[in-house]
Amino acid sequence: MKKETVSMIDTFKEFKENKNIDRLTLMSVLEESFRSVLSKIYGSDENFDIIVNPDKGDLEIYRNRIIVPDGEVQDENKEISLSEARKIEDDYELDEEVSERIDFAKFGRRAILTLRQTLASKVLELEHDSLYNKYKDRVGQVISAEAYQIWKREVLCLDEEGNELILPKQEQIPADQYRKGESIRAIILRVDNQNNNPKIYLSRTSPTFLQRLLEQEVPEINDGLISIKKIARMPGERAKIAVESYDDRIDPVGACVGVKGSRVRGIVHELCNENIDVVNFTTNTRLFIQRSLNPATINSIVLDEENRKAEVYLNPEEVSKAIGKNGLNIKLASMLTEYTIDVFRDTEGENVEDDIYLDEFADEVDQWIIDAIKGIGLDTAKQVLNAPKEMLIEKADLEEETVDNLLKILASEFEDE
């Protein structure tokens, strides 16, 4: 029994060191495990005393029974006959309590195996509870972890205590590349605890990750002088951040960017060269949309507040700036303002009397193409020619080649102009 018990105590000591579980909890679990097995053997454990001595590395079990007259024992677990009691101590009397030490090892290997299984199960529960309690209130915090296994769909990371954390593929920046042992910074995205099996998920693509990095670099944010109102990200490519100052003396954009970009430089590097635009937040929707489309210069904006749509009119040379490379600028502006933004070339001052309805091109253009264009609110040739090609491709769901052919046909009607 001594050898078996010492082994179990050593196991618990090792677990305590690795999982940071307090001694009282561990000893309680050890006692509970023994009681569980004793209940299966004797039918009840309520008359047993279990004494755990972690300092000496041993454990003692005592069974307490009441002395009854010979021949009147009804429950052998809780009662002992007078004659049997006097074999232990010859001065025992009726109704006294006999406390007898139990050698657990004498119950055989099956009982010891059951005890080990019970202990393993309860230790695992402790480990899961410890992990869940450690992370359940830390969602949204930045953490550094070590890449342990790199798989196709996720990276398995380890924290400073060796706990497993998961960085899914969809939460990684596209340009991220990891090697085993490399340090990874991310935020704690969520903590699942299904069937008491906690899983900690990390993210590097969440807007909150960018927000936490900015909070670390800009003291004015932690001091409450600047507030981050909204963030829109295309991870690894570009991001727009709307900030507001509560002190008229502080320029929130300048404070966040820093002298010559000093404050965002490290963040840009951390996010795989993700370009970061910082704009002043305002509750004036038109002005906010205008700022969000920076660096384009806006002529006018027509709002549909009920459907949260905005038509933005610009000079022809400004349209490409508003849309941005691969449409990133207008997508991020829409995400930041929460308005669907369509940009148009400003036709003010142009001769629109000679415009032609799309239906008149039915001999040269397939009807389904005309219907697709009309479906996004464009009915005439000049309306189509003044609309950005990227918008025609995306909103009308047309191939680029189809749009190019359409624009060529429509433009030929106005070549003399």
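Definitions and cut-offs
- Residues numbered from 1 in each chain as written.
- Predicted model: local features only at pLDDT ≥ 70, side-chain atom pairs only at ≥ 80, totals over all residues.
- Heavy atoms only, no water.
- Salt bridge = Lys/Arg side-chain N within 4 Å of Asp/Glu carboxyl O.
- Helix = DSSP H or I, 4+ residues; strand = E, 2+ residues; numbered from the N terminus.
- Buried < 20%, exposed > 50% of the residue type's maximum accessible area, 1.4 Å probe, protein only.
- Pairing = 2+ DSSP bridges.
- Axes fitted to C-alpha atoms, helices over the stretch in contact; angles between N-to-C directions.
- Left-handed = near helix turned anticlockwise from the far one by under 90°.
- Contact = heavy atoms within 4.5 Å.
- Nonpolar A, V, L, I, M, F, W, Y, C, P; charged D, E, K, R; others polar.
- Polar contact = N/O pair within 3.5 Å; in protein donor to acceptor, adjacent residues only side chain to side chain.
- Arc of directions from axis to C-beta.
- Core = buried A, V, L, I, M, F, W, Y, C linked by side-chain atoms within 4.5 Å.

A. Up close: the pattern of salt bridges. Here the structure, examined in full by the defined rule, presents 27 salt bridges. In this structure, glutamate 46 engages lysine 78 in a salt bridge whose closest nitrogen and oxygen atoms are separated by 2.4 Å. Remark: lysine 78 occurs in the loop between strand E2 (58–68) and strand E3 (79–81) and glutamate 46 occurs in the loop between helix H2 (23–42) and strand E1 (48–53); sequence separation between them is 32 residues. Among the residues examined, glutamate 46 registers a relative accessible area of 60% and is labelled exposed. Between glutamate 100 and arginine 65 there is a salt bridge; the shortest N-O distance is 2.9 Å. Linking glutamate 100 in strand E4 (residues 97–102) with arginine 65 in strand E2, this pair joins segments that are 35 residues apart in sequence. Looking at arginine 65, the relative accessible area reads 10%, which means it is buried. It is possible to trace a salt-bridge network through shared partners that takes in Lys134, Asp159, Glu160 and Glu161.

B. Spotlight on the sheet that holds strand E14 (residues 309–314). Taken together, the three strands give an open sheet; going across it, the order is E13-E14-E15, and neighbouring strands pair in mixed fashion. The open sheet has two free edges, formed respectively by strand E13 (300–304) and strand E15 (340–345), since each of these has just one partner strand. On average, adjacent strands in this sheet sit at an angle of 20° to one another, irrespective of strand direction. Relative to E15, E14 runs parallel, the two sharing six bridges. Among the inter-strand pairings, alanine 310 is bridged to a residue of E15, identified as isoleucine 341.

C. A look at the packing of helix H5 (residues 207–217) against helix H8 (residues 262–270). Relative orientation of the contacting elements H5 and H8 amounts to 145°, with a least axis distance of 9 Å. Crossing of H5 against H8: the hand is right-handed. Contact residues: H5 offers Phe209, Leu210, Leu213, Leu214 and Glu217, while H8 offers Arg263, Val264, Ile267 and Glu270. Per-class residue counts for the contact of H5 with H8 are six nonpolar, no polar and three charged.

D. Focus on unusual backbone geometry. Across the junction of asparagine 294 and proline 295, the peptide omega takes the value 20°, indicating a cis bond. By the secondary structure assignment, proline 295 is in the loop between helix H9 (285–292) and E13. A positive phi is found at lysine 260, a non-glycine position, where the angle reads about 55°. In this structure, lysine 260 sits in the loop between helix H7 (252–257) and H8. Backbone geometry at aspartate 397 places phi at a positive 55°, although glycine is not the residue there.

E. Spatial organisation of the environment of proline 219. Tracing the backbone through its elements, the reader meets proline 219 in helix H6 (residues 219–222). For proline 219, a relative accessible area of 40% puts it in the partly exposed group. Sequence spacing of proline 219 and cysteine 256 is 37 residues, and the spatial spacing of their C-alpha atoms is 9.2 Å.

F. Spotlight on the side chain of threonine 282. Within the secondary structure layout, threonine 282 lies in the loop between strand E12 (275–280) and H9. For threonine 282, a relative accessible area of 16% puts it in the buried group. Side-chain polar atoms of threonine 282 contact the backbone nitrogen of asparagine 284, separated by 3.1 Å. In this structure, threonine 282 is in contact with Leu287, Phe288 and Arg291, ignoring residues within four places of it in sequence.

G. Quick peek at helix H10 (residues 316–323). Taken together, the buried positions of H10 are Glu318, Val319, Ala322 and Ile323. Relative to the axis of H10, the buried residues are bounded by an arc of 135° and lie together on one face. Residues of H10 that are exposed and point over 90 degrees away from its buried face: Glu317 and Ser320. Looking at the buried positions of H10, the neighbouring elements they touch are E14, helix H11 (328–337), E15 and helix H14 (389–395). At the C-terminal side of H10, glycine 324 shows a positive phi close to 80°.

H. Quick peek at the nonpolar core. Within the largest apolar cluster, 24 residues are counted, with the highest numbers of intra-cluster contacts made by Leu210, Leu214, Ile241 and Val243. Elements represented by at least two residues in this core include exactly H5, strand E10 (226–234), strand E11 (238–245), H7, H8 and E12. With four residues, the single largest contributor to this core is H5. Listed in part, the 22 residues of the second largest apolar core include Leu378, Met391, Leu392 and Leu410.

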